[in-house]
Protein chains: 2
Amino acid sequence: MKTRVYVTLKGGVLDPQGKAIQNALGGLGFSGVNDVRAGKLIELDHDDDVTDAAIEEMCKKLLANTVIENFRIERSA
Amino acid sequence: MKTRVYVTLKGGVLDPQGKAIQNALGGLGFSGVNDVRAGKLIELDHDDDVTDAAIEEMCKKLLANTVIENFRIERSA
């Protein structure tokens, strides 16, 4: 069974990586990009008996830094 | 307008970051996780007149390394 975890920076947190991407896009001649935020996508392949609660616990303990990051869990087949 | 770009490693490519996450999860006592793949999530906030083709070009030129990575574009409102 596969689960995807999306980790994104919270609103007010500065994102130097995103800014660097934005500047690089401008340098390459792409215009019209007003903001870029960089996040993480973590794909877990796990046994079927791993519960939603366990995955949320993984996010809180390891995958996301909940002080500055939000996470979203998406289970699939 | 917002667009999300998901960048993931291609199938055969080794993923040391994912392996490290998997080992750390095991060390924290989470069992049943068989594989972890780490990818990137890039959120672009751009003008409405930026075309799909332009975003695909951004992915190919900067956001993804198409030799080892796949990308998926998801436009939203």
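Residues numbered from 1 in each chain as written. Chains lettered and ligands numbered in written order. Predicted model: local features only at pLDDT ≥ 70, side-chain atom pairs only at ≥ 80, totals over all residues. Heavy atoms only, no water.

- The name given to chain A in an unreviewed UniProt entry is Phosphoribosylformylglycinamidine synthase subunit PurS, and the organism recorded there is Sphingomonas crocodyli.
- Quoted verbatim from the Sequence similarities (unreviewed entry) heading of the UniProt record, the comment on chain A is "Belongs to the PurS family." (UniProt positions renumbered as here; feature names shortened; annotations may be inferred.)

**With respect to the interface of chain A and chain B**
How big an interface is tends to be expressed through the accessible area that disappears when the partners come together.
Moving on, step 1. The partner chain B presents 33 residues to the 33 residues of chain A that form the contact.
Moving on, step 2. Regarding the contact of chain A and chain B, the summed buried area is about 2,800 Å², with carbon and sulfur atoms giving 66% of it.
Moving on, step 3. The interface formed by chain A and chain B holds 0 salt bridges in total.
Moving on, step 4. Taken together, the connections running from chain A to chain B amount to 12 residue pairs in polar contact (both at pLDDT 80 or more).
Moving on, step 5. For the side of chain A that touches chain B, the secondary structure elements donating two or more residues are strand S1 (2-9), helix H1 (16-27), strand S2 (33-46) and helix H2 (52-63) of chain A.
Moving on, step 6. If you tally residues by element for the side of chain A that touches chain B, the top one is S2(A), at 14 residues.
Moving on, step 7. In this structure, S2(A) lies alongside strand S2 (residues 33-46) of chain B, joined through 13 bridges in antiparallel fashion. Bridge pairing links Lys40(A) to Lys40(B) in S2(B). (Contact = heavy atoms within 4.5 Å. Buried area = accessible area lost by both parts, 1.4 Å probe. Salt bridge = Lys/Arg side-chain N within 4 Å of Asp/Glu carboxyl O. Polar contact = N/O pair within 3.5 Å; in protein donor to acceptor, adjacent residues only side chain to side chain. Helix = DSSP H or I, 4+ residues; strand = E, 2+ residues; numbered from the N terminus. Pairing = 2+ DSSP bridges.)

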